[in-house]
Amino acid sequence: MRGAVLYSARDVRFEEREAPKIIEPTDAVLRLSASCICGSDLWPYRGIQPTTAPTPMGHEYCGIVEEVGRAVRAVKPGQFVIGSFFASDNTCPHCKAGYQTSCQHRQLVGGAQAPMLRVPLADGTLVATRDVPSDDLVPSMLAASDVLGTGWFAADAANVKPGATVAVVGDGAVGLLAVLSAKQMGAERIITMSRHEPRQSLAHEFGATDIVTERGDDGIARIKEITQGIGADAVLECVGTPESMKQAIGVARPGGYLSYVGVPHGVKLEGQDLFFRHVHLHGGPAPVRRYLPKLIELITGRTIDPGKVFDLTLPLEKVAEGYRAMDERRAIKTLLRV
Ligand SMILES: [Zn+2]
């Protein structure tokens, strides 16, 4: 089979790779229904995170089970399944507490920008839908695998409750789906920080009530103004830079909640800033597995349409163009047809 492999900064190749097969008895091999490129793939693509060896890319996936190892009980060939970027047993103490991305036996799933994928710990990792979904639902199911699950965690970790005032920092796919998630959880006011017109309109469609285009101190001042000087009850940081984190801390109300789901790069926190603001911090790699059953239900019932974040669709062999489009911000998120 052929799949995407990153060699070094801005060098993604679509090339022959060994087809995945069952290695451990707890594995499953999937035939993917679609694949996509993640905002976090841009860190190594841009060279901010160095690539030391050719790396098969992609960690978001959904598709049909092709084969399972002899110890797999919960899924069977022919089922449509979704999993997350960390495989987890879903039985250890961390999984039971709802933090499957900190599973004692977690394993990174990689190489999903390809037609086939091996998923370890299949019983704990994969969630099957009742029926094979119609084609038009596949983009939303794929979004549930990572960006929607991450946006949902951002809202949940920031304690979004009915009536809450929410601020979302970041207008990438995760930030936009954090808006959708906050809306589902009953937020009354959702302020999103974005300077990019197509992203602003999608944010509105997903439930944003206010758009703030200012950044830095001006952005903080603007949100303070919108909230009558109080600040937001919940701040969802979906970028991971020192600037975005500073912005997020600056707009939380005293006693407010700040979630951070953008992989931090160079972020340093100032103890006194946090201390005098009474801010609750809760972040990390989203335990998407915890939310998958709920998200599948919302998608199947067509209550939410997170697949709208894919604004560019390319055949898998054009994966390098998909990276370029996202790098240059010509696309929010690229769907790859396999
Ligand atoms: Zn576990």
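It should be emphasised that the depicted structure is a prediction, and the values quoted were computed from it without experimental measurement. (Residues numbered from 1 in each chain as written. Predicted model: local features only at pLDDT ≥ 70, side-chain atom pairs only at ≥ 80, totals over all residues. Heavy atoms only, no water.)

K.L.:
A description of the overall build of the protein chain should follow, citing residues and the corresponding values.
P.N.:
Within the protein chain, the regular secondary structure consists of 12 helices and 18 strands. In terms of overall size, the protein chain behaves like a compact globule, its C-alpha atoms giving a radius of gyration of 19 Å where 338 residues would be expected to give roughly 20 Å. Counting the 338 residues in the protein chain, one finds 53% classified as buried. Of the contacts made within the protein chain by residues no fewer than 6 positions apart, 67% connect residues no fewer than 24 positions apart. Positive and negative charge centroids in the protein chain, built from 37 and 38 side chains respectively, lie 2 Å apart. (Helix = DSSP H or I, 4+ residues; strand = E, 2+ residues; numbered from the N terminus. Rg over C-alpha atoms; globule rule 2.2 N^0.38 Å. Buried < 20%, exposed > 50% of the residue type's maximum accessible area, 1.4 Å probe, protein only. Contact = heavy atoms within 4.5 Å. Lys, Arg positive; Asp, Glu negative; His and termini not counted. Charge placed at Lys NZ, Arg CZ, Asp CG, Glu CD.)

K.L.:
Run through the pairing of strand 11 (residues 165–169), naming residues and quoting values.
P.N.:
The buried fraction of strand 11 is high, at 5 of 5 residues. Burial of strand 11 is two-sided: the residues T165, A167 and V169 facing one way and the residues V166 and V168 facing the other way are all buried. Sheet analysis places strand 11 next to strand 12 (residues 189–193), joined by 5 bridges and oriented parallel. Looking at strand 12, one finds that V166 is bridged to I190. Tracing the backbone out of strand 11, into helix 6 (residues 173–184) and back to the parallel element strand 12 gives a crossover that is right-handed. Bridge count for strand 11 against strand 14 (residues 232–237) is 4 bridges, and the pairing is parallel. Its bridge partner lying in strand 14, V166 is registered against A234. (Pairing = 2+ DSSP bridges. Right-handed = clockwise from strand over helix to strand, strands pointing away.)

K.L.:
Break down the coordination of the zinc ion for me, with residues and values.
P.N.:
Protein coordination at the zinc ion: the donors are D89 (OD), C92 (SG), C95 (SG) and C103 (SG), at 2.1 to 2.3 Å from the metal. Geometry at the zinc ion is tetrahedral, judged from its 4 donor atoms and the angles of 95 to 122 degrees they form at the metal. For the zinc ion, all donor residues lie on one chain, and their spacing in sequence is D-x2-C-x2-C-x7-C. The class for C92 is buried, based on a relative accessible area of 5%. (Donors = N, O, S within 2.8 Å, 3.2 Å for Na, K, Ca; no water. Tetrahedral: all angles 85-135°; square planar, octahedral: opposite > 155°, others 65-115°.)

K.L.:
Which residues make up the packing of helix 6 against helix 7 (residues 197–206), and what values go with them?
P.N.:
Two numbers describe a pair of packed helices, the interaxial angle and the distance between the axes. Two numbers describe how helix 6 lies on helix 7: the axes approach to 8 Å, and their chain directions differ by 15 degrees. In terms of their interaxial angle, helix 6 and helix 7 are classed as roughly parallel. Handedness of the helix 6/helix 7 crossing: right-handed. Taken together, the residues of helix 7 that come into contact with helix 6 (itself represented by L176, L177, V179, L180 and K183) are R199, L202, A203 and F206. Partitioned by chemical class, the residues of the contact of helix 6 with helix 7 number 7 nonpolar, no polar and 2 charged. (Axes fitted to C-alpha atoms, helices over the stretch in contact; angles between N-to-C directions. Parallel < 35°, antiparallel > 145°, perpendicular 65-115°, else oblique. Left-handed = near helix turned anticlockwise from the far one by under 90°. Nonpolar A, V, L, I, M, F, W, Y, C, P; charged D, E, K, R; others polar.)

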